[in-house]
Amino acid sequence: MSEGMESKLLRGREVPIFGSDAIKWVEVSVPLTYAAAPGSPTLAPTTEDAGSCCVTGDPATYVVWRIHKGLPHVLEVLEFRAQEEFPRVGLRIIFPESLSPFVYVFQNVNTTSCYLYLLYALSVSGVAYCFHLKSTSKYTPSVVFSHDELLRFEIQNIVGSVTAIAATAGCLVVGRDDGSVSCFHLDLLDPVAPGFMQELRDDATFSRLWGFVSRGRGVGSVKDVVLSVVQKKKLVFVLHSDDNLRVWDLFGRAKVFSHSLSIPGLTVARMWVSEFSHDSSAVSLAVLHKQTLEVNVEGIYTYAVHLELGDRISLLLKTSENRIPLTERELIDVKLTSNKIWVLKEDGLLGQGLFCPKGNVGQQFYALQEDFVADQLFQSSKHSFDYLFHVACSIFSNAKAQMMAFISSIFLHRLLHPGVLNTSVLRATLEDYNKQWTDAEFQAFSVEDLRREILSLVEQEAVSGSIFSIYKRWRDLCTRYFKCWCKRNKPHGLLVDSLSGSIGLIRKDSLSLFRYLEDIELLVYGTFEELNDLKKSELQISGDSHKQEILTEVLHCSNIFSQQFGRAVAPLFYQSVIGVSMISAEDLVHHVLKSLESGCNSSLVELDVPELGTDLVHQKENAAHKGLSRFSIDILLSLHGLCSKANGWVNVLKIVENYLNFLIPRKIVQNLEPERILNVNSSIVVQATSQVAGVMLECAFDILLLLNYLISISGQIHMLYAEITKVQLELIPMVHEIVIEWLLIYFFGTTPAQSPAVEDFSSQLSSLQIDSNTKPSWIERLGSINFTLDFVLMFDANKSFPGQATQSSSCLPSPQNIISMVKNFTSWMIWGHSEDTFSHVFGHSTELALILLRRSQYDAVETLLKIVAAHLRNEKLCESSQHVDGDWCLLHHLLGCSLIAQTQGRSSNKEKISEAVACFFRASSGEGAAGALQRLPCEAGPQLDFAAIKSDAVWRLHYYQWVMQLFEQYNISDAAYEFALAALEQVDEGILPGSRGQDDFMHESASAVKGRLWANVFKFTLDLSRYYDSYCAIISNPDEESKCICLRRFIIVLCEHGATKILCDGELPFVGLTEKVERELACKAACSDISMKPNLYKLLYAFEMQRQNWRKAASYIYLYSTKLITEMTVRNFQNPSLALQERLNGISAAINALHLVHPTCAWIDLQIGGSLSLNECHPTKKLRTGEEQPNSSGIQSQRNQSFVDIKRLEEEFILTSAECLLLSANVQLIHTGNKLLPSDLVDLLVKTDLYDMAFTIILKFWKGSLLQRELERVFSTMSLKCCHSEASSLVAGSNGLLLKSSVDEPMVIGAFDVSPPTKQASSLWEALEVYLEKYKALHARLPLIVADTLLRSDCQIELPRWLIHMFKGGQQGRTWGMTGQDCDVASLFRLYVDYGRYTEATDLLVEYIDAYASTRPGDLIGRKRPFSAWFPYTAIERLWCQLEESIHSGHMAQQSEKMKSILHGALRSHLYLLKRDSEDALSAANAMG
């Protein structure tokens, strides 16, 4: 409260209208052509802050206008109705020049027009405007008024200087500095029309239009002019500077009254006229007299002007002795009604009857919002901040690190308090700290966003990070905010509705109404005399003066505590209960009382020293000690005086008890229940309720401190044991209950509503969704600034808002009606409706919690129920509330629901979930839980027929299942798992074994219920990735069908999550489920994509290997490899080499597995378990791109086989390895449904120079003559490649690289390298040499095949030396002719002869004949033996014939003749030698014979 109001009797307070400080203005401009000429002088009053309101229509429409001195060319217009939500959009008219502080708005009488209002305005240059306005919501930005909407006329050239302005419908009256009055009839619309302008002067017969006639001598300038309509007659009240009052009849243009209002030492300045009172046939007149001499009599004097209306108007002025003195505070506005005057000054609003007795009797003072904001932000006293800091430090001396957040939470709550928070003020304050946002960014801020911004600012500014620096930053921020608030919310004028009796205030940036004080507020701020004036005061001592004195002393003692702590303890208490604190409310009271004993502690000094310095800290410490000593003396003297005056503490305690009963929220019988909608009146109720609740909370808490202090010093004040017991067991619990009641009301009125999450409790439970019939406007407000929980409570879909007294909701409420509606609302919040009955005082809290749950206010529900539960818990400890067990369970149930809902969209939920689980278990364990939970609606609890429930176990079974499903809806599997197990524990007890019953409440057998619950346990543990527990739930399930379904799901999830290892590591106890697990895996493998990871066939392989079932393991992995090749056939793999490699690995694994089996059993059954055929084309999840073709190859078809052995697997391994090599060499293998034949693969390998793999296939797949034939074919192909190569012309003689392995080495499965091949020799000739040398042992004719192929390809080709050496090197020497094996020199000679290579044939024959002839002496005996030498004589003969033919034909005759000659000589010598050797052999034979 401001200093100027301290000595006045406070009767009411200002209540802000929700949303009036957040208007989006639509700017509409006046055309620039309507502006006055440049350089026009100022002829009308200059721009000042001004505002007023016009009330029109039924229901009432309020049109408010405002002019700001800082924006002289702008006029703001707002239109609203009491029964509707306050508009979010207003009209801002932009003028081309500054405005005079005058606007008149009235309703358009033309009901057919789209223009609802007419507005008159005047610029300082003397230009008058008449606007035709539509509803303010109809305008769009950047619009210019059209000529049809605006009438402009200039009066500066007609009337000169204007000193006063007034208007009524169709008429504008201006007073001039020469005392003249000019009237403009704007309803004529045409400034040149006759009668548009007229002048009022003393001599009416000389009145004329256009022009001015000077008044008589002595007429002063016009100070003020007022136009009043009295019984359809327009009277012009003119106040002149010579203190004369003149009244003119506008229609008759005659003066009807003149009177001097002069008072010695004063001069008139302003005048106000009330509406005509039919009861008294008079109008009231208020005149502001200002002092001219140094006499302190300046003020507002009231007069009554009685009127007699007949043929002639007769007026009689009655002077009143009532004077409203004015102080140095500036007068802002005055409004008169028929019986009351309202005076708005800077320090408050004064309301007084017009004809009250002399003095201040009947005066009513109303505090402005500045006092409330100052009190909330600790600006009322310069020591308020220090008190808060010192008390907090004393309480949290051992928790300095956490105290920083606690202090910040207090300041945040106060700064964002409804009525304190103003968005434009907050933005301007934060911008002083270099915080910048665009309009769109700031308007999008929610309450939580503002909290973060403010906290970040304070933490950023507090560089040191100490508690004291944080405190100083908050103090600086609050001080700046308060100054900015006062600057941006200056009062502009009053809003008065004479019909409803409402009185409001028009501020620069908001609107508000005034209310009466509640009874306790009157007692706190007023006296018992005023309380006695109330007809329905419920304070039982209001008529006893002695008791009144005692109660006054009690209040004085409690006020001493407030003065000691500077009203700082109540915010600490509120935050300790509502916020997240390290201290309980009980501990807070204890610490506060302890601080009164010990005073300032050392920890506080340590905090202050670094910031303030040692000297200043010691000064403050000494001042604190002095203050504590003064408090101790004052409170002891006051308490002793109180006890003495009351004749003992017994009487004092009775008075205190009566006072506490007066503090309890009254239960009011409500008869009217209008529809609940978000409108201006409901916002007024919400704001006023929070104000009243704050005062009541502080009063109750002061009494709580006082009672606890009495206990602590009971020995010093001589209290008896019985009196102490009464305080402890009766009064303190009573005041605790009152404090909690008002704290909850205050909490609802000051806590912003939470914006709902995208998916929350309301969206998941259909019945908790916001009803579709509710207007969506208030839903959009959720989470916005100043939209508190009280607004949410007003929209209960089941029960309407409590009645609004007797005043129609179509008008703004009067001050008395506001407080009546507050009482109704608080009564409903605590006690519910008239017909509601509860077992304890907080019984209606469950209804409030359900409403908040429906509106997604989960944090609020948690806070509400925790406070109530703590209070009920204290009552139970006192053994005074055992009958509330059912309500106790109900509270915990709803608390659990709110905690669950809060987990949505939040990162850390473990604590909330654990607490919710505990709440539900508590709810099910209390006495009367089943009956209490039956009262819940279907969406908030299980709906059961309580009469049909035969045992608690059955009820708990259903309850646990309901909770389980609730957790399941929020995907909280760990909590749902707990309640599923809890439900299982109740099955055996609740359901008789084997009952199925039509008569049973469950209508299910125990086995069916268990099966369902175990299935739920399985699901929840599976969601939590607790696979072992999931499997245990499967084997525990008594329902076989459910067990199979769960097992199938178990395998699917393991595969999806890549957790299939658990199936193969031996941890799971496959009790009778091994075959089912295998079957499910096999079925899923058959129906799954082959590319699925993890691969189920590999999983089956590992599964069977772990069980040492080698054959089945080999079967599954072989099935995988077979399916791979099938998929490659029907689909185009992006990476076929990878698929082949997988197939290769699969076959290798199958071979290895079969090697572990006894050789007689080392085979794979193609019919696995008789159900899965290896040859079936298993369905896949992807669309196939081709049709499958039957599998046919040189190998026996799979369709005709029932088993696969190791040999078959090795063959497939080799073929697959070959395909891998070919793909690595970029050879595209085209599968058309048939496998590639081995011969085809060999051809491709030879073509690709992959000879090793080619020969491996040959050696594996061909035996005997088929092998020789295949070798001949391959080497023939290799020879042809050499011929066609560019390297064929080179001389091939290098040794090249030879393979390390020989033909005799055994084949090792898996030893092949499937990496891209590289050549083993430098040329094709070298490769041919190497492989011919390696494999000629398998087929001796291979060199002959190679030579024949080469010569057949090119008869002139020069055979490689290594090849010729192979023909020659087979003999040990050349002495025995041309004899040899399959591949000898004779074969080479025949090839030469066959292909016309006569020269080489001749040379070869001569070479061997010469060699035969040149035998060493030691070998002669051997040569001479019979048949020791042989030459191909037939071939020689053919050579001879061929040479002769060449000679005869003339083709190479000379060369042929030469060769024939050489051949002849050689043969002759050879034949001679043979003859001689034959003779020698014959001689030797004869000799031996």
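See above for the structure.
All of these numbers come straight from a predicted model, not from anything done at the bench.

### Things to note about the environment of Gly1072
Reasoning step 1: Mapped onto the elements of the fold, Gly1072 is located in the loop between helix H32 (1040–1057) and helix H33 (1074–1087).
Reasoning step 2: For Gly1072, a relative accessible area of 66% puts it in the exposed group.
Reasoning step 3: As a C-alpha pair, Gly1072 and Ile1035 span 37 residues in sequence and 8.9 Å in three-dimensional space.

### Focus on the packing of helix H5 (residues 423–431) against helix H8 (residues 467–488)
The description of two packed helices rests on the angle between their axes and on the distance between the axes.
Reasoning step 1: Running from N to C, H5 and H8 point in directions that differ by 130°, and their axes come no closer than 9 Å. Between H5 and H8, the interaxial angle falls into the category oblique. For the pair H5 and H8, the crossing hand works out as right-handed. Taking contact as the criterion, the partners of Ser424, Val425, Leu426, Ala428, Thr429 and Leu430 in H5 are, on H8, Leu477, Arg480, Tyr481, Cys484, Trp485 and Arg488.
Reasoning step 2: Residues that form the contact of H5 with H8 fall into these classes: eight nonpolar, two polar and two charged.

### Quick look at the pattern of salt bridges
Reasoning step 1: The final tally for this structure, using the stated rule, is 48 salt bridges.
Reasoning step 2: Its salt-bridge partner being Glu14, residue Arg507 comes within 2.7 Å of it at the nearest N-O pair. Here Glu14 lies in strand S1 (residues 10–16) and Arg507 lies in strand S29 (residues 502–507), a separation of 493 residues in the sequence.
Reasoning step 3: Judged by its relative accessible area of 2%, Glu14 falls in the buried class.
Reasoning step 4: Through salt bridges that share partners, Glu27, Arg66, Glu76 and Arg92 make up one connected network.

### A few points about the packing of helix H11 (residues 545–565) against helix H16 (residues 649–663)
Reasoning step 1: At a closest axis distance of 10 Å, the pairing of H11 and H16 adopts a crossing angle of 80°. Considering the angle they form, H11 stands roughly perpendicular to H16. In this structure, H11 contributes Lys547, Ile550, Leu551, Val554 and Leu555 to the contact, and H16 contributes Val652, Ile655, Val656 and Tyr659.

### As for the packing of aromatic side chains
Reasoning step 1: Applying the stated rule across the entire model yields 47 aromatic pairs.
Reasoning step 2: Relative to Tyr120, the ring of Phe106 lies with its centre 5.3 Å away and its plane at 70°, an arrangement referred to as edge-to-face. Residue Phe106 is located in strand S7 (residues 99–107), and its partner Tyr120 is located in strand S8 (residues 117–123); the two are separated by 14 residues in the primary sequence. Assigned by exposure class, Phe106 and Tyr120 land together as buried.

### Describing the environment of Asp509
Reasoning step 1: Residue position: Asp509 is located in the loop between S29 and strand S30 (511–516).
Reasoning step 2: Note on Asp509: relative accessible area 19%, which makes it buried.
Reasoning step 3: It is 8.6 Å that separates the C-alpha atoms of Asp509 and Ile23, two residues lying 486 residues apart in sequence.

### As for the sheet that holds strand S17 (residues 233–240)
Reasoning step 1: The strand order across the open sheet built from four strands is S16-S17-S18-S19, with neighbouring strands paired in antiparallel fashion. This sheet does not close on itself; its edge strands, each paired only once, are strand S16 (222–230) and strand S19 (254–260). Recorded for the sheet is a direction-independent mean angle of 20° between the axes of neighbouring strands.
Reasoning step 2: Relative to S17, S16 runs antiparallel, the two being bridged by eight bridges. Opposite Val230, over in S17, you have Lys233 as the bridge partner.

### Thoughts on the pairing of strand S22 (residues 299–308)
Reasoning step 1: With eight of ten residues buried, S22 lies mostly within the body of the structure.
Reasoning step 2: Two elements, strand S21 (residues 282–291) and S22, share eight bridges in a ladder whose sense is antiparallel. Counterpart to Leu288 in the pairing with S22 is Ile300.

### Things to note about the sheet that holds strand S24 (residues 331–336)
Reasoning step 1: Taken in spatial order, the eight strands of this open sheet run S24-S25-S26-S27-S1-S30-S29-S28, and their pairing is mixed. Edge positions in the sheet fall to S24 and strand S28 (491–497), since each of these pairs with one other strand and no more. On average, each strand axis in the sheet is inclined to that of its neighbour by 25°, with strand direction left out of account.
Reasoning step 2: Bridge count between S1 and S30: five bridges; the pairing is antiparallel. Opposite Pro16, over in S30, you have Ser512 as the bridge partner.

Conventions we followed
- For every chain, the first residue of its written sequence is number 1, and the numbers climb from 1 along that sequence.
- Residue-level local features of this predicted model are given only where pLDDT is at least 70; pairs of side-chain atoms are given and counted only at 80 or more, and the full residue set underlies all totals for whole chains, interfaces and linings.
- Just so you know, side-chain values use all the structure's heavy atoms and leave hydrogens and water out.
- Strands are runs of DSSP state E lasting at least two residues, helices are runs of H or I lasting at least four, and both sets are numbered from the N terminus onward.
- Each residue is placed in one exposure class: buried if its accessible area under a 1.4 Å probe, protein chains only, is under 20% of its type's maximum, exposed if it is over 50%, and partly exposed if it falls in between.
- Note on definitions: angles span 0 to 180 degrees between N-to-C directions of axes, and those axes are lines fitted to C-alpha atoms, for helices only across the stretch in contact.
- An angle below 35 degrees is read as roughly parallel, one above 145 as roughly antiparallel, one from 65 to 115 as roughly perpendicular, and any other as oblique.
- In this scheme the handedness of a crossing depends on how the near helix is turned from the far one: anticlockwise by less than a right angle means left-handed, clockwise means right-handed.
- Whether two residues touch is decided by their heavy atoms; if any such pair falls within 4.5 Å, the residues are in contact.
- Classification used: nonpolar for Ala, Val, Leu, Ile, Met, Phe, Trp, Tyr, Cys and Pro, charged for Asp, Glu, Lys and Arg, polar for all others including Gly.
- For this analysis, a salt bridge means a side-chain nitrogen from Lys or Arg found within 4 Å of a carboxyl oxygen belonging to Asp or Glu.
- Classification of ring pairs rests on two measures: the distance between centres of Phe, Tyr or Trp rings, Trp counted by its six-membered ring, which must be within 6.5 Å, and the angle between planes, read as stacked under 30 degrees, edge-to-face over 60 and tilted in between.
- Here, a strand pair is defined by DSSP locating no fewer than two bridges between the strands.

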